[in-house]
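As a plain string of letters, each chain reads:
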Amino acid sequence: MRILVLTDSLGLPRSFPAVVKVENTWVNQLTQHHEVVAFSYGGGTIDQLFSQVEYLKLYNPDFVLIQAGIVDCAPRALSKIENIIINNYNITKRIFSKIFSESDLVALRRVRKKTYTPLNKFEYFVDRFIQQFGSRLYWIGILPPLQGYEKKVPGITKNVAQYNRLLEVKLGSRFISTNNFTKNDIMTDFIHLTEKGNGNLVKLILERLNVK
């Protein structure tokens, strides 16, 4: 059984804000059961993951697992282009950090409601993934926003619900919901899985794929 995995940073090991060693990532734990070909892109958006499909599909996987969406849907103070322009140069970076405090950024997120991938663009790439892999494709839902995340990133609760709803409509029974995950499964950054969360996710995946 060969499983192709595409993820953003949620498939990678971490050292902050908590440690998850390589062997404890859900992707590595999956290799203990099946052959796994994995491509993980920290901070990657859905279009960036799709850009690798022409290569990765040649592995002829039996199943395809994607964990992506939080980078796409999170409300931002800046658009993707604005962020690149400001952070590409030290002088613009310094100026921006001096002008805008963290509370200013929270207010900007609330007002501007920017995302790196608008919902219609996200849907476009979900459709393209489905065209490429058909019924072999399974999608892991975006983790539920814990208490405190909404205060830090206004609008995140609504966006996660919208993007997950789209995934569930598109994938049906091949959408793997993470709505039951709790604060024990999710790090204090509200985004990444704890060691326990990684373990619970791999169990959920094996159960949903109905393979051992």
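Details of the structure are given in the entry above.
Q: How should the overall build of the protein chain be read in this particular structure?
A: Each helix and strand counted, the protein chain has 11 helices and five strands in total. Burial statistics for the protein chain: of 212 residues in total, 46% are counted as buried. Across the protein chain, contacts joining residues at least 24 apart in sequence account for 79% of those joining residues at least 6 apart. Summed over its atoms, the accessible surface of the protein chain is roughly 11,100 Å², and 52% of this surface lies on carbon and sulfur atoms.

Q: Any chance you could explain the sheet that holds strand β4 (residues 137–140) here in plain terms?
A: Strand order in this open sheet of five strands is β2-β1-β3-β4-β5, and the pairing throughout is parallel. Lying at the two open borders of the sheet, with one neighbouring strand each, are β2 (35–40) and β5 (175–176). Pairing of strand β1 (residues 2–7) with β2, which is carried by six bridges, proceeds in the parallel orientation. Pairing of Leu6 across the sheet is with Phe39, part of β2.

Q: Just to check I follow, could you spell out the side chain of Asp189 for this structure?
A: Within the fold, Asp189 resides in the loop between β5 and α11 (195–209). The charged side chain of Asp189 is buried without a salt bridge, its nearest counter-charge being Arg14 at 4.4 Å. Within the structure, Asp189 has its side chain in polar contact with the backbone nitrogen of Ile191 (distance 2.9 Å). Contacts of Asp189, omitting those with residues within four sequence positions, involve Arg14, Pro17 and Lys152.

Q: Quick question: what am I supposed to make of the packing of aromatic side chains here?
A: How two aromatic rings sit relative to each other is given by the distance of their centres and the angle of their planes. Taken as a whole and judged by the stated rule, the model has nine aromatic pairs. Note on Phe63 and Tyr138: the rings are 5.7 Å apart at their centroids and 70 degrees apart in plane angle, and the pair reads as edge-to-face. Note that Phe63 is positioned in strand β3 (residues 63–67) and Tyr138 in strand β4, a separation of 75 residues in sequence. The residues Phe63 and Tyr138 share a single accessibility class, namely buried.

Q: Whenever I open this one, empty space enclosed by the protein confuses me. Can you help?
A: Gaps between atoms show up when a probe of the same size as a water molecule is rolled over them. One pass over the full model with this rule turns up two cavities of 30 Å³ or more. Estimated volume of the largest cavity: approximately 100 Å³. If you go around the largest cavity, you meet 13 residues; those closest to its centre are Leu10, Ile70, Gly141, Ile142 and Leu143. Taken together, the residues of the lining of the largest cavity sort by class into nine nonpolar, three polar and one charged. Residue lining of the second largest cavity: Ser9, Leu10, Leu12, Pro13, Arg14, Val20, His192, Leu193 and Asn198, and that is the complete set. Its residues placed into classes, the lining of the second largest cavity shows five nonpolar, three polar and one charged.

Q: Help me out: how do you make sense of the nonpolar core in this one?
A: Proteins that are soluble and globular tend to have nonpolar side chains buried together. Judged by nonpolar contacts, the single largest core of 57 residues is most densely connected at Trp26, Leu30, Leu65, Ile70, Phe129, Trp139 and Ile205. Filtering out sequence-adjacent residues up to four positions away, Phe129 remains in contact with Leu6, Ile46, Leu49, Phe50, Val53, Ile66, Gly134, Leu137 and Trp139.

Q: It is not clear to me how the environment of Gly148 should be interpreted in this structure. Could you clarify?
A: Looking at where Gly148 falls in the secondary structure, it is placed in the loop between β4 and α9 (149–152). Residue class for Gly148 comes out partly exposed when judged on its relative accessible area of 32%. Along the sequence, Gly148 and Thr188 sit 40 residues apart, while their C-alpha atoms lie 9.5 Å from each other.

Q: Explain the side chain of Asp185 to me, please; I cannot follow it from the model alone.
A: Assignment of secondary structure puts Asp185 in the loop between β5 and α11. Buried within the structure, Asp185 lacks any salt-bridge partner; Lys196 is the closest side chain of opposite charge, at an N-O distance of 5.3 Å. Within the local environment of Asp185, its side chain forms a polar contact with the side chain of Asn200, the two groups lying 2.7 Å apart. Every residue in contact with Asp185, bar those within four places of it in the chain, is listed here: His192, Leu193, Thr194, Lys196, Gly197 and Asn200.

Basis of the calculations
- Residues numbered from 1 in each chain as written.
- Predicted model: local features only at pLDDT ≥ 70, side-chain atom pairs only at ≥ 80, totals over all residues.
- Heavy atoms only, no water.
- Helix = DSSP H or I, 4+ residues; strand = E, 2+ residues; numbered from the N terminus.
- Buried < 20%, exposed > 50% of the residue type's maximum accessible area, 1.4 Å probe, protein only.
- Contact = heavy atoms within 4.5 Å.
- Areas by Shrake-Rupley, 256 points an atom, 1.4 Å probe, with all protein chains shown as cover.
- Pairing = 2+ DSSP bridges.
- Lys, Arg positive; Asp, Glu negative; His and termini not counted.
- Salt bridge = Lys/Arg side-chain N within 4 Å of Asp/Glu carboxyl O.
- Polar contact = N/O pair within 3.5 Å; in protein donor to acceptor, adjacent residues only side chain to side chain.
- Phe/Tyr/Trp six-rings, centres within 6.5 Å; stacked < 30°, edge-to-face > 60°.
- 1 Å grid on protein atoms, 1.4 Å probe; cavity = no way out; pocket = protein on both sides within 12 Å on 5 of 7 lines; lining within 4 Å.
- Points joined across faces, edges and corners; volume = space filled by probe spheres on them.
- Nonpolar A, V, L, I, M, F, W, Y, C, P; charged D, E, K, R; others polar.
- Core = buried A, V, L, I, M, F, W, Y, C linked by side-chain atoms within 4.5 Å.

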